[in-house]
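Chain and residue survey
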Amino acid sequence: MIKRDKVLKRDVPKHIAFILDGNGRWARRRGRSRAHGHERGAMNIRSIAIEAKELGVEVMSVYAFSTENWKRPQKEVDMLMDLPKRYEKEYDHDNEAFKKKYLADDVRIIFTGRRDRLDNYNLGLMKRIEDATKENEGFTLNICVDYGSKDELVNAAKSMAKKVANKSLNVNAIDEETMASHLYTHPLPPVDLLIRTSGEQRLSNFLLWQNAYAEFYFTKTHWPAFSQKELRKAIVDFQKRNRKYGGLKKG
Ligand code: IPE
Ligand code: IPE
Ligand code: MG
């Protein structure tokens, strides 16, 4: 059991990104529907975000729905797209209660990804959540919905090309900073620790640029079962890594 005091105060990852995988397998093991797995997975995000904040993490990104997840059976896609609505119903569309809950957590919530394929209800809800939490400065929860890293890079290339064409950007001035500033995630810092649950060891098109020097942590635990305790374990593991960034070993 890793208690909170075993996590060092220094070398806390500033930005943790989660590929929250395994909702379906978690549910199947329990003889339940995939929908149940997704519900429990969605509920787990808040608990992990609160612990991450407590430990001194500044940003937590979660991969909730990828640009490739539209390929799943329509029934599953519909179910996933309906999850936010059901979550909001918990508050009976009472905006004040909704606001209070997020404000109490002192978590700023933002959404990252394409905005041209989501329904108006979800777009409106995302905007309401972003507006209601925008003054919260302690911690940012970045929820990636209809997000794909290749799509993000293509989008960045297009917007830079447009600026070059209309002469508001000099092609020779394009550097890594310029590129980063054209990504959906701007101005979030790069990822320090990438955690993928459920045993798979791949990026599945998640934050390719932002993960350039991230440390990876893979666990067999399915996302709905990923606990605050395991988060602490992953951070303790991260704190033992030697990040060299292409240089030489420290000490
Ligand atoms: C992750 O769980 C959530 C999403 C991708 C939306 P999965 O739905 O991928 O669960 P498995 O991989 O089938 O167990
Ligand atoms: C990655 O999980 C996407 C999200 C967690 C939203 P998938 O379950 O879709 O990834 P693959 O298909 O196993 O690579
Ligand atoms: Mg999966």
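Nothing here was measured: the structure is a model prediction, and the numbers come from that model. (Residues numbered from 1 in each chain as written. Chains lettered and ligands numbered in written order. Predicted model: local features only at pLDDT ≥ 70, side-chain atom pairs only at ≥ 80, totals over all residues. Heavy atoms only, no water.)

Points about the site of ligand 2
Residues in close proximity to ligand 2 include Ile19, Leu20, Asp21, Tyr63, Ala64, Phe65, Ser66, Asn69, Arg72, Arg196, Arg202 and Ser204, which together make up its full environment. In the environment of ligand 2, an oxygen atom lies 2.6 Å from a nitrogen or oxygen atom belonging to the side chain of Ser204. When isolated, ligand 2 has an accessible area of 390 Å², and the protein chains bury 77% of it. Of the residues belonging to the shell around ligand 2, the class tally is five nonpolar, three polar and four charged. (Near = heavy atom within 4 Å. Polar contact = N/O pair within 3.5 Å; in protein donor to acceptor, adjacent residues only side chain to side chain. Areas by Shrake-Rupley, 256 points an atom, 1.4 Å probe, with all protein chains shown as cover. Nonpolar A, V, L, I, M, F, W, Y, C, P; charged D, E, K, R; others polar.)

Focus on the nonpolar core
Grouped together as the largest cluster of nonpolar side chains are 40 residues, with contacts concentrated most on Phe18, Met60, Leu141, Ile195 and Leu231. For Phe18, the residues in contact, after removing those within four places along its chain, are Ile48, Met60, Ser61, Val62, Tyr63, Ile195, Phe206, Trp223, Phe226 and Leu231. Core analysis: the second largest hydrophobic core is formed by 10 residues, Ala17, Tyr147, Val191 and Leu207 among them. (Core = buried A, V, L, I, M, F, W, Y, C linked by side-chain atoms within 4.5 Å. Buried < 20%, exposed > 50% of the residue type's maximum accessible area, 1.4 Å probe, protein only. Contact = heavy atoms within 4.5 Å.)

With respect to the sheet that holds strand 1 (residues 15-19)
Where strands meet in a sheet, backbone hydrogen bonds hold them as pairs that are either parallel or antiparallel. On the basis of which strands lie adjacent, the open sheet formed by six strands has the order 3-4-2-1-5-6 and parallel pairing. The open sheet is flanked by strand 3 (108-112) and strand 6 (215-218), the only strands paired with a single partner. On average, each strand axis in the sheet is inclined to that of its neighbour by 20°, with strand direction left out of account. With five bridges joining them, strand 1 and strand 2 (residues 59-66) adopt parallel strand pairing. Counted as the bridge partner of Ile16 is Met60 from strand 2. (Pairing = 2+ DSSP bridges. Helix = DSSP H or I, 4+ residues; strand = E, 2+ residues; numbered from the N terminus. Axes fitted to C-alpha atoms, helices over the stretch in contact; angles between N-to-C directions.)

Concerning unusual backbone geometry
Between His186 and the following residue, Pro187, the backbone shows a cis peptide bond with an omega angle of 5°. In this structure, Tyr245 takes a positive phi of about 50° despite not being glycine. Inspection of the secondary structure assignment puts Tyr245 in the segment after helix 8 (228-239). Judged by its relative accessible area of 47%, Tyr245 falls in the partly exposed class.

Notes on the side chain of Thr67
For Thr67, the position within the fold is in the loop between strand 2 and helix 3 (74-89). Polar side-chain contacts of Thr67 include one of 2.9 Å to the side chain of Glu68. Discounting residues that sit within four places of it in the chain, Thr67 has contacts with Arg114, Arg117, Asp146, Tyr147, Gly148, Asp151 and Asn205.

Focus on the environment of Ala157
Counting through the fold element by element, Ala157 comes out in helix 6 (residues 149-165). Through-space distance from the C-alpha of Ala157 to that of His182 is 8.1 Å; in sequence the pair is 25 residues apart.

Some thoughts on the pattern of salt bridges
Scanning the entire structure with this criterion turns up 18 salt bridges. Across the pair Glu76 and Arg34 runs a salt bridge, and its minimum N-O distance is 2.6 Å. Taken as a pair, Glu76 in helix 3 and Arg34 in helix 2 (residues 34-55) lie far apart in primary sequence, 42 residues in all. A relative accessible area of 12% means that Glu76 is categorised as buried. Residue classification places Arg34 among the partly exposed residues on the basis of a relative accessible area of 36%. Salt bridges sharing partners connect three or more residues here, namely Asp192, Glu215, Asp237, Arg241 and Arg243. (Salt bridge = Lys/Arg side-chain N within 4 Å of Asp/Glu carboxyl O.)

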